[in-house]
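Now for the letters of each chain:
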Amino acid sequence: MQAKYRGHGAEQAFAQIATACEMFIIPPDKDTDPMAGYDPNVDLSSMTVVQRNASNENCHSFDLIITQDNDIRILIQSLIHSSDPGQYGVNKSDETIDIFKRIVNYNKTSGKKPVYLLGSVDGVGFSENPNGTIVKMLDVFDDFFQMHTLFKIPLFLQKIGLINNVLGIAFDTKYFGDVAIKHFNEKYMNPLGIKDLTGADLSSYSTLEAGKAVVIFH
């Protein structure tokens with residue numbers, strides 16, 4: 001039960017970041033009551049929310065869906081392992097690769113705005129078998145985040161054009177060292193023109209705590 005609460009707590013945390021960025025989410029109450037209902041199932045051939053159907057190979061469940069104008073834009077898988085995930089973790093990573101292939105096929109043929117796959121991947125358990133689990137998945141996620149890097153969600157939303165109001169990021173220097181901050185600047189922020197406001201006076205800005213950083217909005 002405690003493990004289930006911890007997992008759902010993580011899902012609530014990233015759902016809250018999405019809603020703070022004024023995204024429409026499915027389930028719509030994931031940010032306030034993460035254990036209220038079942039994870040939504042999506043038919044990846046049509047990108048529609050459907051009832052669970054084990055016989056439909058295109059049907060997969062996700063922990064959170066972000067939509068735009070009623071169309072699915074982002075699918076989020078949450079895979080958090082606090083202990084050795086074993087064969088379950090290997091199977092889940094294989095499922096992620098299959099999901100990625102189906103999303104790629106949909107994007108090639110749909111004529112609609114692309115759908116993206118994000119991963120919430122965290123926990124020391126991945127260290128037991130990284131090559132069989134997390135290493136495979138990182139290559140197929142469009143991006144990933146952890147509890148301490150939830151600020152990557154607004155950065156990704158801005159990258160794909162769902163929002164345009166992120167001004168900067170202020171990092172917690174007690175957690176992130178210079179090398180990590182440089183990495184986030186060079187890979188994520190500089191290409192978008194987002195400023196590193198670490199150490200700046202943020203009192204006049206609209207801000208959002210997101211992991212071990214603060215997101216600053218215009």
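Just so it is clear, the model here is predicted, and its values are computed rather than measured.

1. Quick look at the sheet that holds strand β3 (residues 48-50)
The three strands are arranged β3-β2-β4 in an open sheet whose pairing can be described as antiparallel. Since the sheet does not close on itself, it has two edges, and those belong to β3 and β4 (59-61), each with one partner. Geometrically, the sheet is characterised by an average inter-axis angle of 40° between neighbouring strands, direction not taken into account. Bridge analysis of strand β2 (residues 41-43) against β4 gives three bridges, and the strand direction is antiparallel.

2. Thoughts on the nonpolar core
Membership of the largest hydrophobic core comes to 38 residues, with the highest contact counts inside it found for I66, I74, F151, L157, I169 and F171. Elements represented by at least two residues in this core include exactly α1 (2-20), β5 (64-68), β6 (71-80), β7 (116-122), α4 (152-159), β9 (166-171), α5 (178-189) and β12 (213-217). For this core, the element with the highest residue contribution is α1, accounting for five residues. Among all residues touching F151, those that are not within four sequence positions of it are I169, F171, F176, F184, A210, A213 and V215. One finds F62, L117, F126 and F141 within the second-largest nonpolar core, a separate group that totals 18 residues.

3. Side note on the side chain of D31
You can see D31 is positioned in the loop between β1 (24-26) and β2. Although D31 is buried, it makes no salt bridge; K30 carries the closest opposite charge, 10 Å away. A polar contact of 3.4 Å, which involves the side chain of D31, links it to the side chain of T19.

4. Section: the sheet that holds strand β8 (residues 143-145)
What the five strands build is an open sheet, ordered β1-β5-β6-β7-β8; its pairing is mixed. A strand with exactly one partner marks an edge of an open sheet, and here the two such strands are β1 and β8. On average, each strand axis in the sheet is inclined to that of its neighbour by 25°, with strand direction left out of account. One ladder, built from five bridges, connects β5 with β6; its direction is antiparallel. Its bridge partner being in β6, I65 is matched across the sheet by L75.

5. Remarks on the environment of L202
By the element assignment, L202 lies in the loop between β10 (195-196) and β11 (206-209). Between the C-alpha atoms of L202 and V115, which are 87 residues apart in sequence, the distance is 34 Å. If we skip the residues at most four places from it in the chain, L202 touches A170, L197, T207, V214 and I216.

6. What about the pattern of salt bridges?
Taken as a whole, this structure holds nine salt bridges when the rule is applied. For E57, the salt bridge is made with R102, and the minimal N-O distance between the two is 4.0 Å. Pair noted here: E57 is in the loop between β3 and β4 and R102 is in helix α2 (residues 86-109), with a separation of 45 residues, a long-range link. The exposure class of E57 is exposed, given its relative accessible area of 55%. Residue R102 is classed as buried on the basis of its relative accessible area, which comes to 18%. In this structure, K92 engages E95 in a salt bridge whose closest nitrogen and oxygen atoms are separated by 3.1 Å.

Scoring rules and cut-offs
The numbers attached to residues start from 1 for each chain and follow its sequence in the written order. Where totals are concerned, whole chains, interfaces and linings use all residues; where local detail is concerned, this predicted model gives features only for residues with pLDDT of at least 70, and gives and counts side-chain atom pairs only at 80 or more. Each side-chain value is worked out from all heavy atoms of the structure, with water and hydrogens disregarded. Each pair of strands is called paired provided DSSP finds at least two bridges between the two strands. Helix numbers and strand numbers start at the N terminus; a helix is a DSSP run of H or I with at least 4 residues, a strand a run of E with at least 2. Only the stretch in contact is used when fitting a helix axis, every axis being a line fitted to C-alpha atoms; angles between N-to-C directions are given from 0 to 180 degrees. Throughout, nonpolar core names a set of buried Ala, Val, Leu, Ile, Met, Phe, Trp, Tyr and Cys residues whose side chains join them through atoms within 4.5 Å. Think of it in three bands: residues with accessible area under 20% of the maximum for their type are buried, residues over 50% are exposed, and the middle band is partly exposed, with areas taken using a 1.4 Å probe on protein chains only. Here, residues are in contact when the closest pair of their heavy atoms is within 4.5 Å. None of His or the chain ends enter the tally, which takes Lys and Arg as positive and Asp and Glu as negative. By definition, a salt bridge exists where a carboxyl oxygen of Asp or Glu is found within 4 Å of a side-chain nitrogen of Lys or Arg. Definition of a polar contact: a pair of N or O atoms within 3.5 Å, with one able to donate and the other able to accept a hydrogen when the atoms are protein atoms, and with sequence-neighbouring residues admitted only if both atoms are side-chain atoms.

So yeah, pure geometry; function would need other evidence.
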